[in-house]
Amino acid sequence: YYLNAIKLFLIKHQKYAPNKELIFIPSGGIKGVSGIVSIVGGKNGDLPLVIMDSDQSGETAMAKLKSGLYQHQQDAIIGIGQFVELENAEVEDLIPPPILSPLIDRLFRDVEDEMIEHFLDNRKPIIPQIENFAHRHNITLAKGWKVEIAKGTKQKLQKLGIDDVPAEYVEKWLQLFSNFNRE
């Protein structure tokens, strides 16, 4: 959802023009990547680009792919950490916290004495912070909570102008998407 939302935002604001159709297929986690790659791999043996979180499980999975299936196409594996200067960065870290905060706040409607936006530290990955905030307030996050935030982000980005997103994030997005126009 996030990458699709970013793609649509960049296209809408004429910052990016894909030279081929881009389809982002969620893998449902690290374990699903190899299966999806084998299904969508090109006829000529080219493997699709894979974008992975740069957390511990993502780094392990990237190393495994680079030493196996992607050993001859290592540049086709992209870690979010290449674009986000956070240790253990995940795809959610590509989105400016002020855009995510109102969507995250919905998860914590019952918390009266503290708002998530006051708890968030821009120098740390956002997902562990959300999980820590939930734990701190004895809130069990529903299954699929990240998907709901991603869907809300997509809707929100469709309504925003180019000046509503910090330029540093637009630049990160453009750097990431420059990988997709390679031949």
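Residues numbered from 1 in each chain as written. Predicted model: local features only at pLDDT ≥ 70, side-chain atom pairs only at ≥ 80, totals over all residues. Heavy atoms only, no water.

*Asks:* Explain the side chain of Ser-101 to me, please; I cannot follow it from the model alone.
*Replies:* With respect to the helices and strands, the residue Ser-101 is situated in helix α4 (residues 97–105). Judged by its relative accessible area of 5%, Ser-101 is buried. Apart from the residues within four sequence positions on either side, Ser-101 is in contact with Ile-116, Glu-117 and Leu-120. (Helix = DSSP H or I, 4+ residues; strand = E, 2+ residues; numbered from the N terminus. Buried < 20%, exposed > 50% of the residue type's maximum accessible area, 1.4 Å probe, protein only. Contact = heavy atoms within 4.5 Å.)

*Asks:* Just checking my understanding: could you explain the layout of surface pockets for this structure?
*Replies:* Summary: where empty space remains is shown by rolling a probe the size of a single water molecule over the atoms. Considering only enclosed or pocket space, the largest pocket measures out at about 1,800 Å³ in volume. Among the elements of the structure, α1 (2–12), α2 (33–40), β1 (50–52) and α7 (145–159) are those that each provide at least two residues to the lining of the largest pocket. Its residues placed into classes, the lining of the largest pocket shows 26 nonpolar, eight polar and 11 charged. Leu-86, Asp-93, Asn-122, Tyr-169 and Lys-172 are the residues nearest the centre of the second largest pocket, which is lined by 16 residues in total. Every element with two or more residues in the lining of the second largest pocket is listed here: α6 (126–136) and α8 (167–177). (1 Å grid on protein atoms, 1.4 Å probe; cavity = no way out; pocket = protein on both sides within 12 Å on 5 of 7 lines; lining within 4 Å. Points joined across faces, edges and corners; volume = space filled by probe spheres on them. Nonpolar A, V, L, I, M, F, W, Y, C, P; charged D, E, K, R; others polar.)

*Asks:* When you look at empty space enclosed by the protein in this model, what are you seeing that I'm missing?
*Replies:* Applying the stated criterion across every chain yields a total of one cavity of 30 Å³ or more. Of the volumes computed, that of the largest cavity is approximately 40 Å³. Listed by contribution, the elements that provide at least two residues to the lining of the largest cavity are α4, α6 and α7. Classifying every residue of the lining of the largest cavity by side-chain character gives eight nonpolar, no polar and two charged.

*Asks:* It is not clear to me how the pattern of salt bridges should be interpreted in this structure. Could you clarify?
*Replies:* Under the counting rule described, the total for this entry stands at four salt bridges. Measuring nitrogen to oxygen at the nearest pair gives 3.8 Å for the salt bridge that ties Lys-146 to Glu-90. In this pair, Lys-146 is assigned in helix α7 and Glu-90 in the loop between β2 (77–79) and α4, connecting sequence segments 56 residues apart. When its relative accessible area of 30% is taken as the criterion, Lys-146 is described as partly exposed. Classification of Glu-90 by relative accessible area gives buried; the value is 8%. (Salt bridge = Lys/Arg side-chain N within 4 Å of Asp/Glu carboxyl O.)

*Asks:* Before we go on, may I ask you to explain the side chain of Asp-55 in this structure?
*Replies:* With respect to the helices, strands and loops of the structure, Asp-55 is situated in the loop between β1 and α3 (56–67). With no salt bridge to any partner, buried Asp-55 finds its closest opposite charge in Lys-146, at an N-O distance of 6.8 Å. At a separation of 2.9 Å, a polar atom in the side chain of Asp-55 contacts the main-chain amide nitrogen of Gly-58. Not counting residues within four places of it along the chain, the set of residues in contact with Asp-55 comprises Asn-88, Ala-89 and Glu-90. (Lys, Arg positive; Asp, Glu negative; His and termini not counted. Polar contact = N/O pair within 3.5 Å; in protein donor to acceptor, adjacent residues only side chain to side chain.)

*Asks:* When you look at the packing of α1 against α7 in this model, what are you seeing that I'm missing?
*Replies:* Between two packed helices, what matters for the description is the angle formed by their axes and the separation of those axes. For the pair α1 and α7, interaxial distance at closest approach is 9 Å and the crossing angle is 5°. In terms of axis orientation, α1 runs roughly parallel to α7. Of the residues in α7, those in contact with Tyr-2, Asn-4, Ala-5, Ile-6, Leu-8, Phe-9 and Lys-12 of α1 are Lys-146, Ile-149, Ala-150, Thr-153, Lys-154, Leu-157, Gln-158 and Lys-159. Of the residues belonging to the contact of α1 with α7, the class tally is eight nonpolar, three polar and four charged. (Axes fitted to C-alpha atoms, helices over the stretch in contact; angles between N-to-C directions. Parallel < 35°, antiparallel > 145°, perpendicular 65-115°, else oblique.)

*Asks:* Please clarify how the nonpolar core should be interpreted in this entry.
*Replies:* One recurring pattern in soluble globular proteins is that nonpolar side chains are buried together. Counting 43 residues, the largest nonpolar core has Leu-94, Phe-108, Leu-157, Val-165 and Trp-173 as its most contacted members. For this core, the secondary structure elements donating two or more residues are α1, α4, α6, α7 and α8. When residues of this core are assigned to their parent elements, the largest contribution, six residues, is made by α1. The residues touching Trp-173, leaving out its near neighbours within four places in the chain, are Ile-6, Phe-9, Leu-10, Leu-94, Ile-95, Pro-96, Leu-157 and Val-165. Counting 11 residues, the second largest nonpolar core, distinct from the first, contains Val-50, Met-52, Leu-65 and Tyr-70. (Core = buried A, V, L, I, M, F, W, Y, C linked by side-chain atoms within 4.5 Å.)

*Asks:* Explanation requested: α6 in the structure shown.
*Replies:* Each turn of an α-helix holds 3.6 residues, which means side chains three or four residues apart point in the same direction. Listed in full, the buried residues belonging to α6 are Ile-126, Ile-127, Gln-129, Ile-130, Phe-133 and Ala-134. Within α6, the buried residues cover an arc of 165° as seen down the axis, which keeps them to one side. Buried residues belonging to α6 abut α4, α5 (116–119) and α7. Immediately beyond the C-terminal end of α6, within one or two residues, lies Asn-138, with a positive phi of roughly 55°. (Arc of directions from axis to C-beta.)

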